[in-house]
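Topology and contacts: notes
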Amino acid sequence: MAKLLFVMTGATYWTLKDGTRHATGYWAEEFAAPYKALTEAGHEIVVATPNGVVPNVDMMSLRPEMAGSAEIALDLERIIRSAEEMRRPIRLSDARLEDYDAVYFPGGHGPMEDLCVDADAGRLLTAALASGKPLAVVCHAPAAMLATRMHGVSPFAGYRVTAFTNDEEEAVGLASRARWLLEDELKDLGVDFTRGEIWKPYTVVDRNLYTGQNPASAGVLAERLLKEALT
């Protein structure tokens, strides 16, 4: 069975352009759906965060209206509570790619605060992309790709990538308040940005890079990993 590294945000807030702090963290579904699928298939998960802090769930993602129903919200909470790996993350600076068969970055607005400027996240992404090992990144987590720039150039330039869109940020009421928008920054990075309908599952695979547009894409992305890369 494979051993996967989940690289997660350690942020508890996202600084908006007026300096206010929007409470956030990781999005529940983006951790829980892949975690459930991968562990039920027998794979091992290790969680890494900046400085080894315990990841903070965005409480908005556990609201029934955001999760899809009260039952789904309770199921997400149960999965998170049962995940021992979440309570003992390793330091991202200590993560060595050679110890893992695949790498996954869940989103939430947290990566827009920390992983986007985290040198260790940038190092790991660059190494994973070059290694040919499966690398999966979903929703806002492609913000970490911004940390891969060396002298203004990213190894992700030219790759087909999807991520949380400007339209989706607009729909949650944060586009006008953000310091920058993920879709815009990824395009400036040089990726071939592609997207589907807002809120609908949409995934893209380019070589060993697997990306998903939004929370609904996380479970689909995990299933693609299981079928195509972790057989």
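Source: prediction; values computed, not measured. Here the residue numbering is sequential within each chain, running from 1 through the sequence in written order. Note on the predicted model: pLDDT of at least 70 is required for a residue's local features to be given, and 80 or more for side-chain atom pairs to be given and counted; whole-chain, interface and lining totals, by contrast, use all residues. Side-chain numbers here rest on the full set of heavy atoms in the structure, without hydrogens or water.

Let us now look at the sheet that holds strand 10 (residues 203-206). Strand pairing requires that DSSP identify at least two bridges connecting the strands. Note on conventions: DSSP H or I runs of at least 4 residues are helices, E runs of at least 2 residues are strands, and numbering of each starts at the N terminus. Spatially, the seven strands line up as an open sheet ordered 5-4-1-6-7-11-10, and their pairing is mixed. In the strand order of this sheet, the two ends are held by strand 5 (90-91) and strand 10, each with one partner. In this structure, strand 1 (residues 3-7) lies alongside strand 6 (residues 102-105), joined through three bridges in parallel fashion. Across the sheet, residue L4 finds its bridge partner in strand 6, namely A102.

In this section: the pattern of salt bridges. Just to be clear on terms, a salt bridge is a Lys or Arg side-chain nitrogen sitting within 4 Å of an Asp or Glu carboxyl oxygen. Here the structure, examined in full by the defined rule, presents 13 salt bridges. The partner of R195 in a salt bridge is D167, with the nearest N and O atoms 2.8 Å apart. Here R195 is found in the loop between strand 9 (192-193) and strand 10, whereas its partner D167 is found in helix 5 (residues 166-171), with 28 residues between them in sequence. Between buried and exposed lies partly exposed: a residue is buried under 20% and exposed over 50% of the maximum accessible area for its type, with that area taken using a 1.4 Å probe on protein chains only. For D167, a relative accessible area of 42% corresponds to the partly exposed category.

Okay, the nonpolar core next. Counting 77 residues, the largest nonpolar core has F6, F31, F105 and L135 as its most contacted members. Setting aside its immediate chain neighbours within four residues, F105 contacts V7, L115, A121, L125, L135, A136, V137, V138, A141 and A144. Buried residues of nine kinds, namely Ala, Val, Leu, Ile, Met, Phe, Trp, Tyr and Cys, make up a nonpolar core once their side-chain atoms join them within 4.5 Å. Whether two residues are in contact is decided by their heavy atoms: any pair within 4.5 Å suffices.

So, about the environment of G10. Structurally, G10 can be placed in the loop between strand 1 and strand 2 (13-15). For G10 and G25, which are 15 residues apart along the polypeptide, the C-alpha to C-alpha distance reads 7.0 Å. Every residue in contact with G10, bar those within four places of it in the chain, is listed here: P50, V53 and D114.

On to the layout of surface pockets. Each cavity reported here is a set of points on a 1 Å grid over the protein atoms alone in which a 1.4 Å probe fits but cannot get out, each pocket an open set with protein on both sides within 12 Å along at least five of seven lines, and each lining residue one with an atom within 4 Å of a point. Grid points are joined across faces, edges and corners, and a volume is the space filled by probe spheres set on the points. Of the voids in this model, the largest pocket is the one considered here, and its volume is about 390 Å³. Surrounding the largest pocket, 19 residues form its lining, W27, M66, V172, W199 and P215 being those nearest its centre. At the level of secondary structure, the elements contributing two or more residues to the lining of the largest pocket comprise strand 3 (21-23) and helix 1 (28-40). Just so you know the grouping, Ala, Val, Leu, Ile, Met, Phe, Trp, Tyr, Cys and Pro go in nonpolar, Asp, Glu, Lys and Arg go in charged, and all remaining residues, Gly too, go in polar. Residue composition of the lining of the largest pocket, grouped by class: 11 nonpolar, five polar and three charged.

With that out of the way, let us pick up a nonpolar patch on the surface. Taken together, the side chains of V172, I198 and W199 present a nonpolar region at the surface, about 240 Å² in accessible area. Note on placement: I198 falls in the loop between strand 9 and strand 10. Note that patches include only residues with greater than 30% relative accessible area and no salt bridge, and the join distances are 9 Å for like charges and 5 Å for nonpolar side chains (Val, Leu, Ile, Met, Phe, Trp, Tyr). What sets the accessible areas is the Shrake-Rupley method with a 1.4 Å probe; for residues, cover comes only from the shown protein chains.

Turning next to the pairing of strand 11 (residues 209-212). Residue alternation in strand 11 divides its side chains into two sets, L209 and T211 and Y210 and G212, and both sets are buried. Pairing of strand 10 with strand 11 involves four bridges; the strand directions are antiparallel. From the neighbouring strand, D206 faces strand 11, where its bridge partner is L209. Linking two consecutive strands that pair antiparallel, namely strand 10 and strand 11, is a turn of two residues; a positive phi of about 60° is found at R207 within it.

Further remarks concern helix 6 (residues 182-189). Of the residues making up helix 6, those classed as buried are L182, E183, L186 and L189. Considered in projection along helix 6, the buried side chains sweep an arc of 120° and stay on one side of the axis. Just downstream of helix 6 lies G190, where phi reads positive at about 105°. Directions are taken from the helix axis to each C-beta atom, and the arc is the one they span.

What follows covers the packing of aromatic side chains. Whether two aromatic rings pair depends on their centres lying within 6.5 Å, for rings of Phe, Tyr and Trp, where Trp uses its six-membered ring; planes under 30 degrees apart make the pair stacked, over 60 edge-to-face, and the rest tilted. What the rule picks out here adds up to six aromatic pairs. Where F6 meets F31, the ring centres are 5.8 Å apart and the plane angle is 80°; that geometry is what we call edge-to-face. One end of the pair, F6, is in strand 1; the other, F31, is in helix 1, and 25 residues separate them in sequence. The class for F6 is buried, based on a relative accessible area of 0%. The structure contains a cluster of three or more aromatic residues connected by ring pairs, namely F6, Y26, F31, Y35 and Y104.

Our working definition of a disulfide is a cysteine sulfur pair at a distance within 2.5 Å. A full pass over the atoms with the stated rule returns zero disulfides. For the unlinked cysteine C116, the closest cysteine sulfur is that of C139, found at 14 Å. Residue class for C116 comes out buried when judged on its relative accessible area of 9%. The class for C139 is buried, based on a relative accessible area of 2%.

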